[in-house]
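Observations on chain architecture
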Amino acid sequence: MVEIDTSKPHPARMYDWYLGGKDNYPVDEAMGRQMLALDPRVPVMARVNRAFMQRATRWLAEHGVRQFLDVGTGIPTEPNLHQVAQQIAPDARVVYCDNDPIVLAHAEALLRGTDEGVTEYLQADVRDPDAILEGARKILDFDRPVALSLIALLHFVSDEDGAHELVGRLLSELPSGSYLVVSHATADFTPEESQAATEKLKAAGVTLALRSREEFTRFFDALELVEPGVDVPQLWHPELGEPIPGQDDGVIPGYGAVGRKP
Ligand SMILES: C[S@@+](CC[C@H](N)C(=O)[O-])C[C@H]1O[C@@H](n2cnc3c(N)ncnc32)[C@H](O)[C@@H]1O
């Protein structure tokens, strides 16, 4: 029996609320509304982020990647990463991972992939990269390239918890030709609203570790950035998907990038 804590907001469920999903509780909606009061574009940001994941996955599958490790998967929202990858490469192998019990409760929906492909779910915390590597290794062949995606995840991991180090640890076990995909919220464009959001979430027990462009780029230090490098997520290969309504009406305070392990 999966235990869901409805006494405080959870990022996965707030994100589901922004996306118009049904898998959230009053406590998530209440905090979501507080975020909207600070910036009414939060739901657009969530959609832009989701669309970035889809375009990056499409790009990777079109460039021959057949193995995906997605940490901080979230509650299923179609199309999910495996559906994008397996539409291009039906034999793609996908391992999903999240630490929130509500994602575990919905994992079934993530596991309906193609017959040729493989889709698995791992319950683990990104702050324990060794557990993720151990679980993923059972499904993925670490002698062949793996795309590691950490989409809208790392801004929930503080420097004290070693955000950069744990990304380095995950990448250290992946072979040359593997990729890292990251999207991340930043305070660079809207410092006051971002500060207020960080404080409100902290008071509710949620860590928000917003990072500057430079701090974001450090995740890719050992990698070769894929064109166009680090930019706001909607400008990363926009030709690979449809624009999100409202995406150009104001700032999207985040960064997205893809890097290749040499
Ligand atoms: C904003 S959602 C993003 C979902 C999906 N990656 C996307 O971009 O559409 C962030 C996800 O990260 C998960 N998460 C937060 N902290 C985590 C941690 N320490 N370990 C694993 N997952 C975590 C949350 O449970 C949530 O599902």
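In what follows, the structure referred to is the one given above.
Okay, so let's go over this structure. (Residues numbered from 1 in each chain as written. Predicted model: local features only at pLDDT ≥ 70, side-chain atom pairs only at ≥ 80, totals over all residues. Heavy atoms only, no water.)

Right, let's get into the sheet that holds strand β3 (residues 118-123). One open sheet accounts for seven strands, arranged β3-β2-β1-β4-β5-β7-β6; its pairing is mixed. Where the open sheet ends on each side, the last strands, each with one partner, are β3 and β6 (224-225). Alignment of β6 against strand β7 (residues 254-260), held across two bridges, turns out to be antiparallel. Bridge assignment links E224 to a residue of β7, and that residue is R260. The strands that helix α3 (residues 42-62) touches are β1 (67-71), β4 (147-151), β5 (179-185) and β7; relative to β5, the one it contacts most, it runs at about 170°. (Pairing = 2+ DSSP bridges. Helix = DSSP H or I, 4+ residues; strand = E, 2+ residues; numbered from the N terminus. Contact = heavy atoms within 4.5 Å. Axes fitted to C-alpha atoms, helices over the stretch in contact; angles between N-to-C directions.)

The subject of this paragraph is unusual backbone geometry. The linkage connecting E78 with the following residue, P79, adopts the cis geometry, with an omega of -5°. By secondary structure assignment, the location of P79 is in the loop between β1 and α4 (81-88). Across the junction of E227 and P228, the peptide omega takes the value 5°, indicating a cis bond. Its place among the elements puts P228 in the loop between β6 and β7. Positive phi is not limited to glycine here, since A152 has a value of about 50°.

With that out of the way, let us pick up the packing of aromatic side chains. According to the stated counting rule, one finds seven aromatic pairs in the structure shown. Summarising the aromatic geometry, the rings of W59 and Y179 are spaced 5.7 Å apart at their centres and angled 80° between planes, so their arrangement reads as edge-to-face. Taken together, the residues W59 in helix α3 and Y179 in strand β5 connect sequence positions 120 residues apart. Both residues of the pair, W59 and Y179, belong to the buried class. Taking the centre distance of 5.7 Å and the plane angle of 40° together, the rings of F216 and Y255 count as tilted. Here the residue F216 occupies a position in helix α10 (residues 213-217), and Y255 occupies one in strand β7, the gap between them amounting to 39 residues. (Phe/Tyr/Trp six-rings, centres within 6.5 Å; stacked < 30°, edge-to-face > 60°. Buried < 20%, exposed > 50% of the residue type's maximum accessible area, 1.4 Å probe, protein only.)

This next bit is on the pattern of salt bridges. One side chain can pair with another of opposite charge once the charged atoms of both are near each other. Scanning all chains against the criterion turns up 11 salt bridges. Ionic pairing is found between R13 and D28, a salt bridge with its closest N-O pair at 2.7 Å. One end of the pair, R13, is in helix α1 (residues 11-18); the other, D28, is in helix α2 (residues 26-38), and 15 residues separate them in sequence. A salt bridge links R211 to D159; the shortest N-O distance between them is 2.9 Å. Pair noted here: R211 is in the loop between α9 (191-203) and α10 and D159 is in the loop between β4 and α8 (163-172), with a separation of 52 residues, a long-range link. Since its relative accessible area comes to 47%, D159 is described here as partly exposed. Salt bridges linked by common partners bring D130, R137, R169 and E173 together as one network. (Salt bridge = Lys/Arg side-chain N within 4 Å of Asp/Glu carboxyl O.)

Quick look at α3 now. Across its 21 residues, α3 extends 30 Å between first and last C-alpha, which sits within 8% of the 30 Å expected from 1.5 Å per residue. Positive backbone phi, approximately 90°, marks G64, located one or two places after α3. (Expected span 1.5 Å × (residues − 1).)

This next bit is on the site of the ligand. The environment of the ligand is formed by 18 residues, the closest being Y15, N49, R50, G72 and D98. Between the ligand and R50, the relevant distance is 2.7 Å, taken from an oxygen atom to a side-chain nitrogen or oxygen of the residue. For the ligand, the protein covers 95% of the area, taking 600 Å² as the surface of the free molecule. Among the secondary structure elements, those contributing two or more residues to the shell around the ligand are α1 and α3. Grouping the amino acids of the shell around the ligand by side-chain chemistry returns eight nonpolar, five polar and five charged. (Near = heavy atom within 4 Å. Polar contact = N/O pair within 3.5 Å; in protein donor to acceptor, adjacent residues only side chain to side chain. Areas by Shrake-Rupley, 256 points an atom, 1.4 Å probe, with all protein chains shown as cover. Nonpolar A, V, L, I, M, F, W, Y, C, P; charged D, E, K, R; others polar.)

In contact at an axis separation of 9 Å, α1 and α2 are set at 65° when each is read in the N-to-C sense. Here α1 lies roughly perpendicular to α2, going by the angle between them. In the packing of α1 onto α2, the handedness of the crossing is right-handed. Taken together, the residues of α2 that come into contact with α1 (itself represented by R13, M14, W17 and Y18) are V27, D28, E29, M31, G32, R33, M35 and L36. Across the contact of α1 with α2, the residue classes tally to seven nonpolar, one polar and four charged. (Parallel < 35°, antiparallel > 145°, perpendicular 65-115°, else oblique. Left-handed = near helix turned anticlockwise from the far one by under 90°.)

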